[in-house]
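So the chains spell out like this:
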Amino acid sequence: MTYSIVARDAETGQYGVAVASRFFAVGALVPHLRGGKCAVATQAFVSPIWGIEAADRMAKGEAAADVMADLVARDDGQAIRQIHMIDAQGQTAAHTGSDCVEWCGHIAGDGVSVAGNMLAGPAVIADSLAAYEAHLHLPLPERLMTAMEAGQAAGGDKRGTQSAALVVHRTEDYPWLSLRADDHPDPLEEIRRLYDVAHERFVHVADAMPTRDNFSGTTDRTGIDAAIMASDEKRRAEGRASRSFATELQA
C-alpha cells in the first residue's frame, strides 16, 4: 500500500527516507533512522518492530543483509511484509514478501533503494530510482522528493494518495528534518510546501542544535537571526511569498 526510498548521501553522510501511501499517517510507522548510521523503511503489512530492530542493529555495526535475513527467518508474517534498508557502509538489503499485494517489488542503486507494494506497476519504483540518480547534484532532501514525485507520475499507489513523509538525519539520532502530511489530497506537494517553510526559519535553528560532538550547540542567537533575516530578504528579493500558513512576522 506504499512506496518509499531510502538513501545515504556519500558526500555528507546524511541518511534519508521518503514515503507516500494511500494510508493515514504513513510517516508515523515506515521510516526508522539512526544518525550517521542507517535508514530503514518497513511497510506492506507493516511491522514497526522490524524497523526499530533493524535500525538499532545496523547502528551497532551489523550489515543490512544479515539483519534483513534474520528478521525474515524469525517472523511468521514475513510473506506479507516488505522492508528495505541501507547500512553504515552504504550497502542495501530488501525483502518483498511473496504475499504482498501486486504490484510489488524493490530495486536498488548505489547507496539507494526503492520499494513498494500495491502500486500501479513496476515503473513506479523504476522511475523513482532513475529520478534520484539523475539528480545527484541536488541536496539529499530534494533528491528524495524528486524521486517520489517521479514515482507518483508513474502511477504511485494504485489506490490514490493520502499521506507522505520525508525524514533526513545528519549525525544525530534526532532528525535534522522530519516532515509529514498525514491526511492530504496531494501529500507530496504538501511535503514540498513544508520543505519551503522549513527553510524560512526552522533549518537555521536546526543547524544550531546540540550534537554528540558539541553538547551545548550554538548558544548565541546572533548567527541564527542573521541567517533567518538573509533568507527572508532573499525570498522577498526573488518575489516569493512565504508559503507558511502562519502570520508572517514583520521586520
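What counts and what doesn't
Residues numbered from 1 in each chain as written. Predicted model: local features only at pLDDT ≥ 70, side-chain atom pairs only at ≥ 80, totals over all residues. Heavy atoms only, no water. Helix = DSSP H or I, 4+ residues; strand = E, 2+ residues; numbered from the N terminus. Buried < 20%, exposed > 50% of the residue type's maximum accessible area, 1.4 Å probe, protein only. Contact = heavy atoms within 4.5 Å. Areas by Shrake-Rupley, 256 points an atom, 1.4 Å probe, with all protein chains shown as cover. Pairing = 2+ DSSP bridges. Axes fitted to C-alpha atoms, helices over the stretch in contact; angles between N-to-C directions. Core = buried A, V, L, I, M, F, W, Y, C linked by side-chain atoms within 4.5 Å.

A. Main features of the overall build of the protein chain. Broken down by element type, the protein chain carries 7 helices and 10 strands. The principal-axis extents of the C-alpha atoms in the protein chain amount to approximately 60 × 40 × 30 Å. Counting every position in the protein chain, which comprises 251 residues, the buried fraction comes to 49%. Here the contacts in the protein chain between residues at least 6 apart in sequence split such that 55% fall between residues at least 24 apart. When the accessible surface of the protein chain is split by element, carbon and sulfur atoms take 54% of a total near 11,800 Å².

B. Local environment of the sheet that holds strand β3 (residues 31–34). The antiparallel open sheet is built from 4 strands, whose spatial order is β3-β4-β5-β6. Two strands bound the open sheet, and with one partner strand each, they are β3 and β6 (92–96). On average, adjacent strands in this sheet sit at an angle of 10° to one another, irrespective of strand direction. Across 6 bridges, strand β4 (residues 38–44) lies against strand β5 (residues 81–86) in antiparallel orientation. Looking at β5, one finds that A41 is bridged to H84.

C. Quick peek at the nonpolar core. Residues I5, Y132, L144, L166 and L177 are the most contacted members of the largest nonpolar core, which totals 31 residues. With residues up to four places along the chain from it excluded, the contact list for Y132 reads I5, A7, R8, V112, L140, R143, L144 and A147. With 14 residues, the next largest nonpolar core counts V40, W50, V67 and V72 among its residues.

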